[in-house]
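Close look at the chain arrangement
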Amino acid sequence: MNKFLIAVLALALAHQAISDKTVYFEERFDSEDAFNQRWVESTFKGAEQGAFKLSHGKFYGDAEKDVGIQTSQDARFYGISAKFEPFSNEGKSLVVQFTVKHEQKIDCGGGYIKLYPKDLDQKSLHGDSEYYIMFGPDICGYSTKKVHVIFNYKGKNLLTKKEIKCKDDELTHLYTLIVNPDNTYVVKIDNEKVESGKLEEDWDFLPPKKIPDPNAKKPDDWVDNEKMDDPNDSKPEDWDKPEFIPDPDAKKPDDWDDEMDGEWAPPKINNPEYKGEWKPKQIDNPNYKGPWIHPEIDNPDYTADEFLYKYNDIGAVGFDLWQVKSGTIFDNILVTDDESHAEQVGNETWGQTKDAEKAAKEKLDEEERQREEEKRKQEEAEKASEDKGEDETDESADNEAESADAEKDEL
């Protein structure tokens, strides 16, 4: 086979690999009309329901590409969702990806996305609405700064056993969750892997494979004390001394009246010869067998499930949040079955604007610093002017008083 045919075959295979990917949902919020037609905001919380707006925020890398949906009211619940053609991820990877930007220095609030079943009631979306997967950052104070990865399995929402740290600055970050058909997963932040493993090990999808044998018990003659009292050790004859003794230097006060004050007794002090409770020294126990380990048996309630990863009728994506301080921007939402495509999209979106966004943030911070510095200088100047005025007023009053005294003396 010549080099030309090899090249053609390679291009064909590459095209086939690209064409095999499926994009179930993608949203970059580049059209206000499309946003209004595609997305439905919840009204479940009534007056407590916050509104989303399209915005690139106070700073950005690209005025058009960085437009996303932003929470706009403090201390509000937020609910918004979009539906798409339902699908099942059976036999395929499931990739969920989006960007989050907490430009408001968030103090307490969620930044996670959810995948929902196709029958989601969008207008009534709220915290108890059934979902399949919840994924993304959650920040509250100094103690909670983590990435949630929650799977719904047989009606129960399962939290990961691992602690995955999220980004807590004010810049945009890319979050990616990959769930594979071999029941493994990967979590990425900014296209870098931060956690991975097996679903069965890192979530309580199933009961344990092994359980302690209920019919087993530790033998009565089992010795699990590594040390024992030395039988040949004995307490010294002069060991026992009182802990406190009368103070030998104390004297009965001259004005002590036995009839009035009772019989005088010297106060107690610590006995320097007191040695505490005697205990025999410890030696190795010749009968020690080590710690007793409860034998395990197969758990009769355990049944393997090769489809832990699988969901049927995935049909909606959305955000269901509570935020104390608003301002978070969500963008570049992608649901696909191809990890490499998601990485490419991340590089084309977040990757293209992140450096310019950081530079814009630094410029904004510097401008704010300069404004604060000018404000401080102005306040100092006003304070100095007030102090000078008070000093001049005091000096004038003193001069007037001196003049009045002088006139009085002349009279």
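Preceding block: the structure.
Quick caveat: nothing in here was measured; it's all calculated off a predicted structure.

**So, the overall build of the chain**
Within the chain one finds six helices and 22 strands. Expressed as a percentage of the 411 residues in the chain, the buried residues total 35%. Considering only contacts within the chain whose residues lie at least 6 apart along the sequence, 73% involve residues at least 24 apart. For the chain, the computed accessible surface area is about 25,500 Å², with 48% contributed by carbon and sulfur atoms.

**Things to note about unusual backbone geometry**
Although it is not a glycine, F29 adopts a positive phi angle of roughly 55 degrees. With respect to the helices and strands, the residue F29 is situated in the loop between β1 (23-27) and α2 (32-38). If you check the backbone angles, N183 has positive phi at about 65 degrees while not being a glycine. Examined against the element boundaries, N183 turns out to sit in the loop between β12 (172-179) and β13 (184-189).

**Looking at a negative patch on the surface**
A surface patch of negative charge is lined by D254, D255, D257, E259 and D261. With respect to the helices, strands and loops of the structure, D261 is situated in helix α4 (residues 258-261).

**Some points on the state of the cysteines**
One pass over the full model with this rule turns up one disulfide. Paired through a disulfide, C108 and C140 show a sulfur-sulfur distance of 2.0 Å. Taking the torsion about the S-S bond as the criterion, the C108 to C140 disulfide, at about -85 degrees, is left-handed. Here C108 is found in strand β7 (residues 108-110), whereas its partner C140 is found in strand β9 (residues 133-140), with 32 residues between them in sequence. Judged by its relative accessible area of 19%, C108 is buried. Its relative accessible area of 30% is what places C140 among the partly exposed residues.

**A short note on the pairing of strand β8 (residues 113-117)**
Burial analysis of β8 places five of its five residues in the buried class, the great majority of the element. Relative to strand β21 (residues 314-323), β8 is paired through four bridges, and the arrangement is antiparallel. Directly across from Y116, in β21, lies its bridge partner A316.

**Examining the pattern of salt bridges**
Going through the model one piece at a time under the given rule, you end up with 26 salt bridges. K145 is paired through a salt bridge with D168; the nearest N and O atoms lie 3.0 Å apart. Here K145, found in strand β10 (residues 144-153), pairs with D168, found in the loop between β11 (156-159) and β12; they are 23 residues apart in sequence, far enough to count as distant. A relative accessible area of 22% places K145 in the partly exposed class. Its relative accessible area of 45% is what places D168 among the partly exposed residues. With a closest N to O distance of 3.0 Å, E195 and K162 form a salt bridge. Of this pair, E195 sits in strand β14 (residues 192-198) while K162 sits in the loop between β11 and β12; the two residues are 33 residues apart in sequence, bridging distant segments of the chain. Classification of K162 as partly exposed rests on a relative accessible area of 29%.

**Regarding the nonpolar core**
Counting 59 residues, the largest nonpolar core has W39, F151 and F319 as its most contacted members. Apart from the residues within four sequence positions on either side, W39 is in contact with F25, E27, F29, I80, S81, A82, V317, G318, F319 and I333. In this structure, V95, I178, V186 and L334 belong to the second largest nonpolar core, which totals six residues.

**A look at helix α5 (residues 339-348)**
Within the span of α5, buried status applies to H341, A342, V345 and G346. Around the axis of α5, the buried residues are gathered within 140 degrees of arc, so they sit on the same side.

**Digging into the side chain of T99**
By the secondary structure assignment, T99 is in strand β6 (residues 94-102). A polar contact of 3.3 Å, which involves the side chain of T99, links it to the side chain of N332. Among all residues touching T99, those that are not within four sequence positions of it are T172, H173, L174, I329, F330, D331, N332 and W350.

**Looking at the packing of aromatic side chains**
Under the defined criterion, the tally for this structure stands at 21 aromatic pairs. Here the aromatic rings of W203 and F205 are separated by 6.5 Å at their centres, their planes lie at 65 degrees, and the arrangement is edge-to-face. For F205, a relative accessible area of 6% corresponds to the buried category. These aromatic residues form a ring-pair network of at least three members: Y24, F25, F29, F35, W39, F84 and F87. Above the ring of F77, the side-chain terminus of K45 is found at 4.4 Å from the ring centroid. Across the ring face of F307, the terminal group of K310 is positioned such that the distance to the ring centre comes to 4.9 Å.

**Structural notes on the environment of S42**
Mapped onto the elements of the fold, S42 is located in the loop between β2 (39-41) and β3 (52-55). Each C-alpha atom, one on S42 and one on Q122, is 6.1 Å from the other, the two residues being 80 residues apart in sequence. Not counting chain neighbours up to four residues away, the residues in contact with S42 comprise Q49, G79, Q122, K123, S124 and L125. Engagement of the side chain of S42 in a polar contact is seen with the backbone oxygen of K123, the distance being 3.2 Å. Within the structure, S42 has its side chain in polar contact with the backbone oxygen of L125 (distance 2.7 Å).

Reading guide: rules and limits
- Residues numbered from 1 in each chain as written.
- Predicted model: local features only at pLDDT ≥ 70, side-chain atom pairs only at ≥ 80, totals over all residues.
- Heavy atoms only, no water.
- Helix = DSSP H or I, 4+ residues; strand = E, 2+ residues; numbered from the N terminus.
- Buried < 20%, exposed > 50% of the residue type's maximum accessible area, 1.4 Å probe, protein only.
- Contact = heavy atoms within 4.5 Å.
- Areas by Shrake-Rupley, 256 points an atom, 1.4 Å probe, with all protein chains shown as cover.
- Patch = residues over 30% accessible without salt bridge, like charges linked within 9 Å, V, L, I, M, F, W, Y side chains within 5 Å.
- Salt bridge = Lys/Arg side-chain N within 4 Å of Asp/Glu carboxyl O.
- Lys, Arg positive; Asp, Glu negative; His and termini not counted.
- Charge placed at Lys NZ, Arg CZ, Asp CG, Glu CD.
- Disulfide = S-S within 2.5 Å.
- Pairing = 2+ DSSP bridges.
- Core = buried A, V, L, I, M, F, W, Y, C linked by side-chain atoms within 4.5 Å.
- Arc of directions from axis to C-beta.
- Polar contact = N/O pair within 3.5 Å; in protein donor to acceptor, adjacent residues only side chain to side chain.
- Phe/Tyr/Trp six-rings, centres within 6.5 Å; stacked < 30°, edge-to-face > 60°.
- Lys NZ or Arg CZ within 6 Å of the ring centre and 35° of its normal.

Note that all results are geometric; they support no functional claim without further evidence.
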